[in-house]
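Structural features, examined
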Amino acid sequence: MSATMVVRGLAAGHGERVLFSGLDLTVSPGDVIGLVGANGAGKSTLLRMLAGLDRPEEGEIRLSPATATVGYLPQEPDRRPGETVMEFLARRTGVARAQRDLDSTAQALAEQAPGADDAYSLALERWLALGGADLDERAEAVGLPVALDQPMTSLSGGQAARAGLASLLLSRYDLFLLDEPTNDLDLDGLDRLESFVKGLRPGTVVVSHDREFLARTVTDVLELDLAQQRVHLFGGGYQAYLEEREVARRHVRERYEEYAETRAELEGRARKQRAWMEKGVKNARRKMSDNDKIGRNARVETTEKQAAKARQTERLLERLEEVEEPRKEWELRMEIAVAPRSGAVVATLRGAVVRRGGFTLGPVDLEIGWAERVAITGANGSGKTTLLGALLGRVPLDEGHASLGSGVVVGEVDQARGLFEGEEALLDAFTAHAGLAPGEARTLLAKFGLRAHHVLRPATTLSPGERTRAALALLQARGVNLLVLDEPTNHLDLPAIEQLESALAGYPGTLLLVTHDRRMLEAVSVGRRLVVDQGRVSDSR
């Protein structure tokens, strides 16, 4: 079914803090609208409102037809205890709920309840539209690398990402709302996701910080400008958005500078005219006894002229249309603190084997030298994160030997952002890991956009992007000489990604980088690549 979503005058905020207001949007069949903005600008909040999960403070959201189905896929697959992969797919595609509705209306029909015929017909129609009739067969054919009866909680981050992608590929909603669907996907998964999104007939709103994905898929860009507290819709795709935004910002700045220059000039003129007028009045009074009537009249006339000019200038100031100064956009300025260099050999694996269930990594023989910059690539579930854990001594080996070199100081941003997931306040968790006094920790976190309303909250309540910023702040708090980044761009906004790339360019220590961000792989200079394929590691220098 073709469906259209119309949004008018939408507003949202956190307490007294306004996120956005006056938001108008129409999502028509075939539209792919990229939703961009800084972390904390309200992108996920907006998606939840469009999905009907949260209520807006103002405005309305209408679907045409009203019976259209809306599929919302959140940032992180919510892995529920006891839920199998198949049950997860049924829930995310909407089939599980449609099945429950179908069962309850069938029961009502059997009991000959009033209106049961119509209710059953609607439930059946929705179940069929969502693909309930052949979901099992399609799930078998979607190409998941895990068994459908496997518990979701047993999957790695990459495997969970592939399950999330499968749930999207199997979905038959009338409108899609996708929150960071590229997170943790390998290159094959990204290709499949791009093909799916570009081939969609229903309208789609997608939040993503993957620049290449946005460039390849979106037809329009909706920007939530947190600094200006404004909403802008740009047509023509992602590259057109970047160019048009730059022109628009330059024009706003030029318009304000022109206004400020004109106002300063008028205010300066008004001050001079008032000074001349006051001087003329004093002269006229001092020479009032002068019998020269002509001279006295001339001084009075000159004073009156200056007063008239001053009034005219003041009227010009009053009529001058005020132009609000553009708010300065907050920018992350990131550095990576560097510890003294380690020994020549940073990390070593000799005949290393790790077994987990039916998966085996290795045997691996590997040596990482000082100041090497290594990219680690491979499909989801191939063993990249396990390899990192083995190198760092965090994952016990079933066979072989692992060691870190002398003087190695590890700084890590792990895939799960595990340092900041507990109930402890962010400030307490950060000071414990960083070894800073609370005041110093507050100052540093504020530089990463984590301010007073963030630092006293339980770390687990922070958004994924905020937890990632905290992990990056930790790299600046303490010196490191082995930097390990596992999918560091997940959940980061675009300016922060660019700052991270800039910081990596000037980092002199050893770098191990796992990422599927295609533009980051191009931007960050690496001299060596490790390719992990089904537990086997090949080395390309």
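Here is a short report on the structure shown in this document. Owing to the predicted nature of the structure, the values given are computational and were not obtained by experimental measurement. (Residues numbered from 1 in each chain as written. Predicted model: local features only at pLDDT ≥ 70, side-chain atom pairs only at ≥ 80, totals over all residues. Heavy atoms only, no water.)

**Some details on the overall build of the chain**
When its secondary structure is counted, the chain shows 17 helices and 18 strands. The C-alpha radius of gyration of the chain comes to 31 Å, more than 25% above the 24 Å expected for a compact globule of 541 residues. For the chain, the spread of C-alpha atoms along the principal axes amounts to about 115 × 80 × 40 Å. Taking the contacts inside the chain whose residues are at least 6 apart along the sequence as the reference set, 71% of them involve residues at least 24 apart. Total accessible area computed for the chain in this model is approximately 26,200 Å², and 48% of it derives from carbon and sulfur atoms. Side chains of the chain give 69 positive and 80 negative charges; the mean places of these two sets differ by 10 Å. (Helix = DSSP H or I, 4+ residues; strand = E, 2+ residues; numbered from the N terminus. Rg over C-alpha atoms; globule rule 2.2 N^0.38 Å. Contact = heavy atoms within 4.5 Å. Areas by Shrake-Rupley, 256 points an atom, 1.4 Å probe, with all protein chains shown as cover. Lys, Arg positive; Asp, Glu negative; His and termini not counted. Charge placed at Lys NZ, Arg CZ, Asp CG, Glu CD.)

**Regarding helix α16 (residues 494-505)**
Note: α-helices contain 3.6 residues per turn, so residues at a spacing of three or four share the same orientation. Taking 1.5 Å of rise per residue, 12 residues should cover 16 Å, and α16 covers 17 Å from first to last C-alpha, within 8% of that figure. Buried residues of α16: Leu494, Ala496, Ile497, Gln499, Leu500, Glu501, Ala503 and Leu504, and no others. (Expected span 1.5 Å × (residues − 1). Buried < 20%, exposed > 50% of the residue type's maximum accessible area, 1.4 Å probe, protein only.)

**Topic: the packing of aromatic side chains**
Overall, the coordinates contain 4 aromatic pairs when judged by the stated rule. Relative to Phe196, the ring of Phe176 lies with its centre 5.9 Å away and its plane at 85°, an arrangement referred to as edge-to-face. Of the two residues, Phe176 sits in strand β6 (residues 175-179) while Phe196 sits in helix α7 (residues 187-198), which places them 20 residues apart along the sequence. Each of the two residues, Phe176 as well as Phe196, counts as buried. Ring centres 5.1 Å apart and planes at 70° place the aromatic pair Phe234 and Tyr241 in the edge-to-face group. Here Phe234 and Tyr241 have matching classes, each one buried. (Phe/Tyr/Trp six-rings, centres within 6.5 Å; stacked < 30°, edge-to-face > 60°.)

**Things to note about the sheet that holds strand β13 (residues 399-404)**
One open sheet accounts for 3 strands, arranged β11-β10-β13; its pairing is antiparallel. Each of the sheet's edge strands pairs with one partner strand only, and the pair in question is β11 (359-369) and β13. Sheet twist, expressed as the average angle between the axes of neighbouring strands with direction ignored, equals 15°. (Pairing = 2+ DSSP bridges. Axes fitted to C-alpha atoms, helices over the stretch in contact; angles between N-to-C directions.)

**Concerning the pattern of salt bridges**
Summed over all chains, the structure comprises 21 salt bridges. For the salt bridge of Arg519 with Glu212, the shortest nitrogen-to-oxygen distance reads 2.8 Å. With Arg519 in helix α17 (residues 518-523) and Glu212 in helix α8 (residues 211-217), this pair connects stretches of sequence that are 307 residues apart. A salt bridge links Arg528 to Glu372, with the nearest nitrogen and oxygen atoms 2.8 Å apart. (Salt bridge = Lys/Arg side-chain N within 4 Å of Asp/Glu carboxyl O.)

**Looking at the pairing of strand β17 (residues 528-533)**
Walk down a regular strand and you will see the side chains alternate between the two sheet faces. In β17, alternate side chains face the same way, and those of Arg528, Leu530 and Val532 are buried while those of Arg529, Val531 and Asp533 on the opposite face are not. As judged from the 5 bridges shared by strand β12 (residues 373-378) and β17, these two strands associate in the parallel manner. Bridging across to β17, Val374 finds its partner in Arg528. Across 5 bridges, β17 lies against strand β18 (residues 536-540) in antiparallel orientation. Within the sheet, the bridge partner assigned to Arg529 lies in β18 and is Ser540.

**A look at the side chain of Thr204**
One can find Thr204 in strand β7 (residues 203-207). Among all residues touching Thr204, those that are not within four sequence positions of it are Val27, Asp31, Val32, Ile33, Phe176 and Leu178.

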